[in-house]
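Spelled out, the chains give:
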Amino acid sequence: MPAASDRFAGKTGLVLGVANRRSIAWAIAQRLAEGGAQLAFTFQGERIERSVRELAESVSSPLVTDCDVRSDENLQRVFADVGETFGGKLDLLVHSVAFADARDLEGRFTDTPRDRFWLALDVSAYSLVAAARLAEPLMEAAGGGSILTMTYLGGERAVPHYNVMGVAKATLDSSVRYLAWDLGEKNIRVNAVSAGPVRTLAARSIAGFPTMEAIVEERSPLHRPIEADDVGAAAAFLLSDEAKNVTGTTVYVDSGYHAMGM
Ligand SMILES: NC(=O)c1ccc[n+]([C@@H]2O[C@H](COP(=O)([O-])OP(=O)(O)OC[C@H]3O[C@@H](n4cnc5c(N)ncnc54)[C@H](O)[C@@H]3O)[C@@H](O)[C@H]2O)c1
């Protein structure tokens, strides 16, 4: 674990997307908590409630609540609770949520049916827009804020098996830029980290994930695997005031793989 600092002292944050201790959202949350941030968490569904509550408790979280990002009602309730818990203010928002039907991460992208195409975009991209809109007044009250989402190279290049999730990430990447433009005048920054393969629950549902890991290790300039905490460190930088003039961009934590042509 990295040395503690106080760069998030006095800051409040909401973290969407912890499922278990392997989640990238948890690696980011640990970095924020170590820096002194007070964090609220959401979880999706009873199946993971216990593990998220245990993790949240370990960083003395004052708020842990259920949220399915497909539901506007759920999101409105969460942000109302966050406002109440943090005195009407919010500094940091971590969006680390994605979903596609497993059938669409196996076969051909061409065969993606309409309902499952929209499902992937709804959960993985629109949810950032909805959450940013609800965070806006709380961040404005705080004098500004920082929003961070998680993306992947499969939104920019065709990565076999990533399929509809790649299309969702392309939408997410573009949403980051438009949100950054809209919210910049309120001193709210919006950025993304593009991670190389990290072994998490979501990653396991991608057919051929071990192949993705092997190719990155073989062909990236640094020839080494990516750990969740590497992503946490970059995310913490983007969320911190050290990145006060960084918005609308993507930082790649992929051992340099994105820079290669072969
Ligand atoms: N693991 C990787 O290799 C990798 C690489 C690049 C980007 N990412 C991105 O990182 C983010 C986090 O994924 P992870 O790898 O930590 O896996 P994870 O399974 O730990 O996290 C995914 C989270 O999304 C949540 N989620 C799914 N559907 C939801 C819904 N309808 N409402 C609310 N929450 C919902 C899950 O509950 C889970 O907490 C995702 O956006 C993923 O695409 C992961």
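Okay, so let's go over this structure. Owing to the predicted nature of the structure, the values given are computational and were not obtained by experimental measurement. (Residues numbered from 1 in each chain as written. Predicted model: local features only at pLDDT ≥ 70, side-chain atom pairs only at ≥ 80, totals over all residues. Heavy atoms only, no water.)

Some details on the packing of helix H4 (residues 114-141) against helix H5 (residues 163-184)
Remark: H4 packs on H5, axes separated minimally by 8 Å, with the N-to-C direction vectors making an angle of 15°. Regarding the angle of H4 to H5, the classification is roughly parallel. Taken as a pair, H4 and H5 cross one another with a handedness that is right-handed. Taken together, the residues of H5 that come into contact with H4 (itself represented by Phe-117, Ala-120, Leu-121, Ser-124, Ala-125, Leu-128, Val-129, Ala-132 and Glu-136) are Val-164, Met-165, Val-167, Ala-168, Thr-171, Leu-172, Ser-175, Val-176, Leu-179 and Leu-183. Across the contact of H4 with H5, the residue classes break down as 15 nonpolar, 3 polar and 1 charged. (Axes fitted to C-alpha atoms, helices over the stretch in contact; angles between N-to-C directions. Helix = DSSP H or I, 4+ residues; strand = E, 2+ residues; numbered from the N terminus. Parallel < 35°, antiparallel > 145°, perpendicular 65-115°, else oblique. Left-handed = near helix turned anticlockwise from the far one by under 90°. Contact = heavy atoms within 4.5 Å. Nonpolar A, V, L, I, M, F, W, Y, C, P; charged D, E, K, R; others polar.)

Quick word on the site of the ligand
Close to the ligand lie 29 residues; Gly-17, Ser-23, Lys-169, Val-198 and Thr-200 are nearest. Within the contact set of the ligand, an oxygen atom lies 2.8 Å away from a backbone nitrogen or oxygen of Ile-24. Taking Asp-68, its side chain carries an N or O atom lying 2.9 Å from a nitrogen atom of the ligand. Its free accessible area being 810 Å², the ligand has 92% of it covered by the protein chains. (Near = heavy atom within 4 Å. Polar contact = N/O pair within 3.5 Å; in protein donor to acceptor, adjacent residues only side chain to side chain. Areas by Shrake-Rupley, 256 points an atom, 1.4 Å probe, with all protein chains shown as cover.)

Describing the pattern of salt bridges
Inspection of every chain in the model, using the stated rule, returns 14 salt bridges. A salt bridge links Arg-53 to Glu-49, with the shortest nitrogen-to-oxygen separation between them at 2.7 Å. You can see Arg-53 and its partner Glu-49 sitting in helix H2 (residues 49-58), 4 residues apart, about one turn around the helix. On the basis of relative accessibility, which here comes to 24%, the residue Glu-49 falls in the partly exposed class. Ionic pairing is found between Arg-70 and Asp-68, a salt bridge with its closest N-O pair at 2.6 Å. Classification of Arg-70 by relative accessible area gives partly exposed; the value is 44%. For Asp-68, a relative accessible area of 18% corresponds to the buried category. (Salt bridge = Lys/Arg side-chain N within 4 Å of Asp/Glu carboxyl O. Buried < 20%, exposed > 50% of the residue type's maximum accessible area, 1.4 Å probe, protein only.)

Quick notes on the sheet that holds strand S1 (residues 12-16)
Strand order in the open sheet made by the 7 strands is S3-S2-S1-S4-S5-S6-S7, with parallel pairing throughout. In this open sheet, the two edge strands, each paired with only one partner strand, are strand S3 (63-66) and strand S7 (250-253). In this sheet, neighbouring strand axes are inclined to one another by 20° on average, regardless of whether the strands run parallel or antiparallel. In the sheet, S1 pairs with strand S4 (residues 92-95) via 4 bridges, with the strands oriented parallel. Across the sheet, the residue bridging to Leu-16 is His-95, located in S4. Along the sheet face, helix H1 (residues 24-34) touches S1, strand S2 (38-43), S4 and strand S5 (145-151) and points at about 165° away from the line of S2. On top of the sheet, helix H8 (residues 228-239) reaches S4, S5, strand S6 (188-195) and S7; it is set at about 165° to S6, its chief contact. (Pairing = 2+ DSSP bridges.)

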